Structure formats: C-alpha cells, structure tokens
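# Architecture and fold: a report
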Amino acid sequence: MQALIAQLPGDIGAKGVEQAVAAVKGQQVTPSIPTDATIVTTQNVDQPEVQKVLYKAGC
C-alpha cells in the first residue's frame, strides 16, 4: 500500500449536526456538502495533524 485517504469524521459530524439543527428550525439545508480528506503515507503518518484524523479502535 502506498497511501490511504482518511476522511475527517469530526468535520463530517459537525456539518451533519449543523444541517440537522437547521432542519429542525425550519431553515434551509444544503443537500450535498463536500468535505476534506487527508492523504496518509509512511512519510507523514506520525505527524500530529495526520494522527488526529486516523481512526483507532481500542478497548
């Protein structure tokens, strides 16, 4: 594997909540909202800004 693409779940969740609140208030909602992603490689995997977007399962 050369690289992987990590979506930004925090941003996706925040935008979803914003749209849900707008819908409940009867305001206009956006049907499609693009989100960013991060390319993760062996060269950048240890950088803090990359680490924060990686999913880590644990007990």
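Notes on the structure in this doc start here. (Residues numbered from 1 in each chain as written. Predicted model: local features only at pLDDT ≥ 70, side-chain atom pairs only at ≥ 80, totals over all residues. Heavy atoms only, no water.)

### With respect to the overall build of the protein chain
When you go through the protein chain residue by residue, the secondary structure sums to two helices and two strands. The order of helices and strands in the protein chain, counted from the N terminus, is β-α-β-α. Relative to its length of 59 residues, the protein chain is extended, with a C-alpha radius of gyration of 15 Å against a globular reference of 10 Å. Oriented by its inertia axes, the alpha-carbon framework of the protein chain measures out at about 45 × 30 × 20 Å. Looking at the protein chain as a whole, 14% of its 59 residues are labelled buried. Across the protein chain, contacts joining residues at least 24 apart in sequence account for 57% of those joining residues at least 6 apart. Counting 4 positive and 5 negative side-chain charges, the protein chain places the averaged centre of each group 7 Å from the other. (Helix = DSSP H or I, 4+ residues; strand = E, 2+ residues; numbered from the N terminus. Rg over C-alpha atoms; globule rule 2.2 N^0.38 Å. Buried < 20%, exposed > 50% of the residue type's maximum accessible area, 1.4 Å probe, protein only. Contact = heavy atoms within 4.5 Å. Lys, Arg positive; Asp, Glu negative; His and termini not counted. Charge placed at Lys NZ, Arg CZ, Asp CG, Glu CD.)

### A short note on the side chain of Asn 44
Locating Asn 44 in the fold gives a position in the loop between β2 (37-40) and α2 (48-51). Given the relative accessible area of 15%, Asn 44 is considered buried. Engagement of the side chain of Asn 44 in a polar contact is seen with the backbone nitrogen of Thr 41, the distance being 2.7 Å. Residue contacts for Asn 44: discarding those within four places in its chain leaves Ile 39 and Val 50. (Polar contact = N/O pair within 3.5 Å; in protein donor to acceptor, adjacent residues only side chain to side chain.)

### Regarding the nonpolar core
Counting residues in hydrophobic clusters, the biggest one holds five residues: Ala 6, Leu 8, Val 40, Val 50 and Val 53. If near-sequence neighbours (up to four positions away) are discounted, Val 50 is found in contact with Thr 38, Val 40, Asn 44 and Val 45. (Core = buried A, V, L, I, M, F, W, Y, C linked by side-chain atoms within 4.5 Å.)

### Overview of helix α1 (residues 9-24)
Counted at 1.5 Å a residue, the expected span for α1 with its 16 residues is 22 Å, and the 22 Å between its end C-alpha atoms agrees. Immediately beyond the C-terminal end of α1, within one or two residues, lies Gly 26, with a positive phi of roughly 75°. (Expected span 1.5 Å × (residues − 1).)

In short, the description is geometric, and any link to function would need to be established separately.
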